Amino acid sequence: VVSIWWEFDWDKGEQELLNWLELYPNESWLSHTYAMLLITLKRDEEAMEQAEIGLDLDPLHPLALGRYAIVAANNGENEKAIEKAEKALSYAPKHGVALFALTHAYLNKGDYLTALNYMTLGNDFDEETRRLILDIHDEKGYNKAALKFAEEIEKASRSAALELAVG
């Protein structure tokens, strides 16, 4: 994980994950972590295979469900992504990975209001800030609401690149 997400040495990280998967083939976390790397590498079919393995190994775990949903949304399988992410939320309300997957799936579908709803839930905005962003969407459209979302993330000193890019 360090090789992949901190060093950005994806070749090294992939080899390490493959080594761990050989040692622990029944470890769900390894399979869905590998799936996340594979979507980064644009190897979408392999990512779906790994996500399915991870979910088969631990079908009730919110992280396995959420990561599966991210891979499905990445592959344009939005209904499948929504189903799995909602199931994850039924076990772990406000689970960040599931909320991110729902955001991604609804953005893919062009349902920007629903995407913003999940996006704001996933960032622990207070209800007043959430309502403001959603009202801006209703009055001025998605782009203005997304800008307000980015401003609020930055104001909270949580300007993670991923959050800003999705917004």
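Residues numbered from 1 in each chain as written. Predicted model: local features only at pLDDT ≥ 70, side-chain atom pairs only at ≥ 80, totals over all residues. Heavy atoms only, no water.

### Some points on the nonpolar core
Using the following cut-off: Here, the term nonpolar core denotes a set of buried Ala, Val, Leu, Ile, Met, Phe, Trp, Tyr and Cys residues that are joined through side-chain atoms within 4.5 Å. For every residue, the accessible area obtained with a 1.4 Å probe (protein chains only) is divided by the maximum for its type, and the residue is called buried under 20%, exposed over 50%, and partly exposed between those limits. Any two residues having at least one pair of non-hydrogen atoms within 4.5 Å are treated as being in contact.
Within the largest apolar cluster, 47 residues are counted, with the highest numbers of intra-cluster contacts made by V71, L102 and L116. Look past the residues within four positions of L102 in its chain and what remains in contact with it is I82, A85, E86, L89 and Y118.

### Digging into a negative patch on the surface
So the rule is basically this: A patch consists of residues exposed above 30% relative accessible area that lack any salt bridge, with like charges linked at up to 9 Å and nonpolar side chains (Val, Leu, Ile, Met, Phe, Trp, Tyr) linked at up to 5 Å. Residue exposure ignores everything except the shown protein chains as possible cover, and the areas themselves are Shrake-Rupley values with a 1.4 Å probe. For salt bridges, the criterion is a side-chain nitrogen of Lys or Arg within 4 Å of an Asp or Glu carboxyl oxygen. Lys and Arg are tallied as positive, Asp and Glu as negative. Neither His nor the chain termini are counted. Just so you know, the charge point we use is NZ for Lys, CZ for Arg, CG for Asp and CD for Glu. Here a helix means four or more residues in a row that DSSP labels H or I, a strand means two or more in a row labelled E, and each is numbered from the N terminus.
Together, E45, E49, E52 and D56 give the surface a local cluster of negative charge. By secondary structure assignment, the location of E49 is in helix α4 (residues 44–57). For E49, a relative accessible area of 48% corresponds to the partly exposed category.

### Considering helix α2 (residues 10–23)
Applicable threshold: Between the first and last residue of a helix there are one fewer steps than residues, each counted as 1.5 Å, and that sum is the expected span. The directions from the helix axis to the C-beta atoms form the arc being described.
Relative to the 20 Å expected for 14 residues at 1.5 Å per residue, α2 spans 20 Å between its end C-alpha atoms, a close match to the ideal helical length. All of the buried residues in α2 are G13, E14, L17 and L21. Seen from one end, α2 has its buried residues packed into an arc of 100 degrees, which puts them on one side. Residues of α2 that are exposed and point over 90 degrees away from its buried face: D11, E22 and L23. Contacts from the buried residues of α2 go to α1 (2–5), α3 (28–40) and α4.

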